[in-house]
Every structure is written in structure tokens, then in C-alpha cells.
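# Notes for the structure review
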Amino acid sequence: MPRLPNGSRAAVPVVLVALSLALAACGGGGGGGRSASASSPAIGSTPLVERTPRNFQSDLDAYKGKVVVLNFWASWCGPCKAEMPALQQVSKEYAGKPVTFIGVDSSDVRDSASKLLADLKVTYPTVYDKAGINGGIATAWSVASLPQTWFIAKDGSRSGRIPRPLSAAELRNRIDQLLTASA
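Everything in this summary refers to the structure shown in the same document. (Residues numbered from 1 in each chain as written. Predicted model: local features only at pLDDT ≥ 70, side-chain atom pairs only at ≥ 80, totals over all residues. Heavy atoms only, no water.)

Attention shifts here to the nonpolar core. In this structure, F56, L60, L70, F72, W141 and I175 are the most contacted members of the largest nonpolar core, which totals 45 residues. With six residues, strand 2 (residues 67–73) is the single largest residue contributor to this core. Once residues within four sequence positions are removed from consideration, L60 is found in contact with V68, L70, I102, W141 and I152. (Core = buried A, V, L, I, M, F, W, Y, C linked by side-chain atoms within 4.5 Å. Buried < 20%, exposed > 50% of the residue type's maximum accessible area, 1.4 Å probe, protein only. Helix = DSSP H or I, 4+ residues; strand = E, 2+ residues; numbered from the N terminus. Contact = heavy atoms within 4.5 Å.)

Below, the structure written as C-alpha cells:
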């Protein structure tokens, strides 16, 4: 590791990763609590339960038959924070319908994420993706910017992603398309 002028070691790789996420992810902004419907025990039981890509995919398999709105975010991402009220609002509107919202807190500090979820009163389930873009769930889902929202059809297939913040109207439109297509 290189040394700084004061003799201390610089954490260059960590700084570069953080900087690239902040600039690429939040700067240009491309687009998670409890479920609007029943949730799987692993995801819905505790806020910010840590998941790996393998066990997260297993969790998602339990949601076949439902439309899943999968939102990747981080507490340090301004556009992510701005988008969360719309996600929360729409998740409540679809309560009782075959729709589930899941947040994935990626490449973040867990305590900061927990505080943000509490401050914004987010009630849909959110998992903690500790590894994030370094081999975590975000990597498995090709997430390169935050926020990013994936839509999963009732058959479990990935039906599309939007790599920017979404409005409540955009969320409703996409969910309604998927509910109609698989009706």
C-alpha cells in the first residue's frame, strides 16, 4: 500500500471503490423493510438480515407467483433516499395483491442503513448485501449504479431493470403491466 506524506498508509483500493460508487452510482442516478404481501421467513423476519447471492436467490424462488419489485440502494446515495418514499407508498397501495417489494442495501454501512429505514418508516423487507459490488447480490444482478430497480415476473423471470430513481407513477405502471401480462 502506498504511504502518504505523513507516513501513514493510504487505503487506495477502498477509496477508489467508494469514489467510483459515489460518482457513477449516485451522481448520474440510475434506480429497500416488510412486504406488501406475505414474505419469506428469511427475508421478512428481521430488518437488514444479511444474505449472500446464493441464499438470496433461494429466498426469491419462494416468491414465484408474485410480481417482485427489487430495489438496490445505499444510505449514502442521495437519489436512493429521494426514491424510497415512492417505493414505500406503492408497496402499501399493492398490499393484498400478488406483489412484493424487497430492498437490497448494497455496499453500505449497516447502522447507517438501519437508521435511514427507520427515519423513512420503510416497512417492506430489506436485506443487507455486505459484499455488494464486490461479489455480493449486487454483482449477481449486474448492478453498477444506485438506485436500481429490477422487476421480476410471476414466473420468476427477470423482466427488466431501471437504473435510476423511479416515481410512484412509474412503479405502478410497470407493476400493472406485469400483473396484466401474467394474469
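Here the focus is the pairing of strand 3 (residues 99–106). Burial runs high along strand 3: eight of the eight residues are buried. Covered by surrounding structure in strand 3 are V99, F101, G103 and D105 together with T100, I102, V104 and S106, the residues of both alternating faces. With seven bridges connecting them, strand 2 and strand 3 associate as parallel partners. By the bridge assignment for strand 3, W73 is matched with D105. Following the backbone out of strand 2, through helix 4 (residues 78–93) and into the adjacent parallel strand 3, one traces a crossover that is right-handed. In the sheet, strand 3 pairs with strand 4 (residues 126–129) via four bridges, with the strands oriented parallel. (Pairing = 2+ DSSP bridges. Right-handed = clockwise from strand over helix to strand, strands pointing away.)

Attention shifts here to the pattern of salt bridges. What the rule picks out here adds up to five salt bridges. R51 is paired through a salt bridge with D59; the nearest N and O atoms lie 2.7 Å apart. The exposure classification of R51 matches that of D59, with both residues buried. For E93, the salt bridge identified is with R172, shortest N-O distance 2.6 Å. Within this pair, whereas E93 is found in helix 4, its partner R172 is found in helix 7 (residues 168–181), the two being separated by 79 residues in sequence. Judged by its relative accessible area of 36%, E93 falls in the partly exposed class. (Salt bridge = Lys/Arg side-chain N within 4 Å of Asp/Glu carboxyl O.)

Don't take any of this as a statement about function, it's just geometry.
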